[in-house]
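As a plain string of letters, each chain reads:
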Amino acid sequence: MPIEQIPALPDDVLGFIAKGTLHRSDYRTTIDPAVEDALRQHDKISLLYVLGADFEGFSGGAMLADSEIGMSHVRRFERIAVVTDQSWIRHSVLLFGHLMPGEVKVFSVADEADASEWLTSRAEPA
């Protein structure tokens, strides 16, 4: 399976590990239902994407599906962490991440635990 949901995260944090090439059907069967379910329970959610050495890329349909889900819930993503060592992904996230109203950070594969910690930590009230 090209994408798997990461278990054992808080229910307002969704995590996915991608391998191979992602297709639109992977969004329809795995990511979209998980996001919709989490958003029924929470006003805002955070996302963790792990795109390691086994990740090869996105099909055109997957890129469209990614942008559709992002734009349809743009104000409901609190934080997004992308874990990858692939320079083209890091560059793309750094280039376009500022378009998201929530916080977006890129982490190296060696720092996956830090990415998860960043997503699950909450700022103390002022």
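Scroll up to find the structure this text is about.
Residues numbered from 1 in each chain as written. Predicted model: local features only at pLDDT ≥ 70, side-chain atom pairs only at ≥ 80, totals over all residues. Heavy atoms only, no water.

### With respect to the packing of aromatic side chains
Item 1. Overall, the coordinates contain five aromatic pairs when judged by the stated rule.
Item 2. Ring plane angle 70 degrees and centroid distance 5.1 Å describe the contact between Phe55 and Phe58, whose orientation is recorded as edge-to-face.
Item 3. On the accessibility criterion, Phe58 (26% relative accessible area) is partly exposed.
Item 4. Geometrically, the ring pair formed by Phe107 and Trp118 is tilted, given 6.0 Å between the ring centres and 50 degrees between the ring planes. (Phe/Tyr/Trp six-rings, centres within 6.5 Å; stacked < 30°, edge-to-face > 60°. Buried < 20%, exposed > 50% of the residue type's maximum accessible area, 1.4 Å probe, protein only.)

### Considering the pairing of strand E5 (residues 103-107)
Item 1. Pairing of strand E4 (residues 77-84) with E5, which is carried by five bridges, proceeds in the parallel orientation. Along E5, the bridge assignment pairs Ala81 with Lys105.
Item 2. Read from E4 through helix H3 (residues 87-96) to E5, the crossover connection turns out right-handed. (Pairing = 2+ DSSP bridges. Helix = DSSP H or I, 4+ residues; strand = E, 2+ residues; numbered from the N terminus. Right-handed = clockwise from strand over helix to strand, strands pointing away.)

### Examining helix H4 (residues 112-120)
Item 1. Those residues of H4 lying buried are Ala115, Trp118 and Leu119. End-on view of H4: buried residues confined to an arc of 95 degrees, all on one side of the axis.
Item 2. The inward-facing, buried residues of H4 contact strand E2 (13-22), strand E3 (45-58), E4 and E5. (Arc of directions from axis to C-beta. Contact = heavy atoms within 4.5 Å.)

### Examining unusual backbone geometry
Item 1. Despite not being glycine, Ala8 shows a phi value in the positive range, around 65 degrees.
Item 2. Note on Ala8: relative accessible area 82%, which makes it exposed.

### Details of the sheet that holds E3
Pairing between sheet strands relies on hydrogen bonds along the backbone, with the strands arranged either parallel or antiparallel.
Item 1. Strand order in this open sheet of five strands is E1-E2-E3-E4-E5, and the pairing throughout is mixed. Among the strands making up the open sheet, the edge pair consists of strand E1 (3-5) and E5. Geometrically, the sheet is characterised by an average inter-axis angle of 15 degrees between neighbouring strands, direction not taken into account.
Item 2. Of the pairings in the sheet, the one linking E1 to E2 comprises three bridges and is antiparallel in character. Each bridged residue has a counterpart across the sheet, and for Glu4 the counterpart in E2 is Ile17.
Item 3. Sitting on the sheet, H4 touches E2, E3, E4 and E5, and the angle it makes with E4 is about 180 degrees. (Axes fitted to C-alpha atoms, helices over the stretch in contact; angles between N-to-C directions.)

### Describing the pattern of salt bridges
Item 1. Applying the stated criterion to the full structure yields three salt bridges.
Item 2. Asp32 is paired through a salt bridge with Arg28; the nearest N and O atoms lie 3.2 Å apart. Of this pair, Asp32 and Arg28 both sit in helix H1 (residues 24-41), four residues apart, which is roughly one turn of the helix.
Item 3. The buried category is assigned to Asp32, whose relative accessible area is 15%.
Item 4. Relative accessible area serves as the criterion here: at 43%, Arg28 is assigned to the partly exposed category. (Salt bridge = Lys/Arg side-chain N within 4 Å of Asp/Glu carboxyl O.)

Any link to function would need more than the numbers given here.
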